[in-house]
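Spelled out, the chains give:
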Amino acid sequence: MATILHWGPYYFYPPGGMPVGGAYNVVWGPDDRFGGGCTVNVSGTPLTHLRNTLVAVWVSDMSLAATDIGHGDIDNVQHTLYATFGNSGLDVVNTINAWVTITKP
C-alpha cells in the first residue's frame, strides 16, 4: 500500500510581487524525503487582502533532481524538488501558500 505524505503550508514572497503573466521558481532541498522512488505534487494558492481582486496561480515544471555528491566508491545522493508558480490572475501576487504531497510505494 502506498504512503502519502503532505507538508505545508510553505509561504513564498516573490520580491516585488509576481506580476500578471509572471513566473516564480521555488526549490526545496536537498531533502531525503524526496528519495526512494517517490512521486511529488506541488499545489499553491495565492493569498490576498484586497477586496474584489482576482489573483490566481498555477504550478508547472515540478521536477525532482538527484545529485550524487559521493567520493570514490561511496554514494551520497541528494534529492531536490523544483517547481514554478505562474500568475494567471488580474493583479500582482505578493504571497503564495504552497503544499507538497509525496507518494511513496
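Just so we're clear, the structure is a prediction, and the values are computed from it rather than from any experiment. (Residues numbered from 1 in each chain as written. Predicted model: local features only at pLDDT ≥ 70, side-chain atom pairs only at ≥ 80, totals over all residues. Heavy atoms only, no water.)

A. Fine view of the environment of Asp61. Locating Asp61 in the fold gives a position in strand β4 (residues 57–68). Taking relative accessible area as the criterion, Asp61 reaches 56% and is therefore assigned exposed. Beyond its immediate stretch of four places on either side in the chain, Asp61 contacts Tyr82, Ala83 and Thr84. (Helix = DSSP H or I, 4+ residues; strand = E, 2+ residues; numbered from the N terminus. Buried < 20%, exposed > 50% of the residue type's maximum accessible area, 1.4 Å probe, protein only. Contact = heavy atoms within 4.5 Å.)

B. Expanded view of the pattern of salt bridges. The tally for this structure, following the rule as stated, stands at one salt bridge. A salt bridge links Asp31 to Arg33; the shortest N-O distance between them is 2.8 Å. Since its relative accessible area comes to 26%, Arg33 is described here as partly exposed. (Salt bridge = Lys/Arg side-chain N within 4 Å of Asp/Glu carboxyl O.)

C. Layout of the sheet that holds β4. Overall, antiparallel pairing links the three strands, which are arranged β2-β5-β4 in an open sheet. Across the chains shown, the open sheet's two edge strands, defined by having one partner strand only, are β2 (23–28) and β4. Each strand of the sheet is rotated relative to its neighbour by a mean of 20°, with strand direction disregarded. With six bridges joining them, β2 and strand β5 (residues 77–87) adopt antiparallel strand pairing. (Pairing = 2+ DSSP bridges. Axes fitted to C-alpha atoms, helices over the stretch in contact; angles between N-to-C directions.)

D. Spotlight on the packing of aromatic side chains. One pass over the structure, following the stated rule, counts three aromatic pairs. Among the aromatic residues, ring-to-ring pairing joins Tyr10, Phe12, Trp28 and Phe85 into one connected group. Positioned above the aromatic ring of Trp7, the side-chain terminus of Arg33 is 3.9 Å from the ring centre. (Phe/Tyr/Trp six-rings, centres within 6.5 Å; stacked < 30°, edge-to-face > 60°. Lys NZ or Arg CZ within 6 Å of the ring centre and 35° of its normal.)

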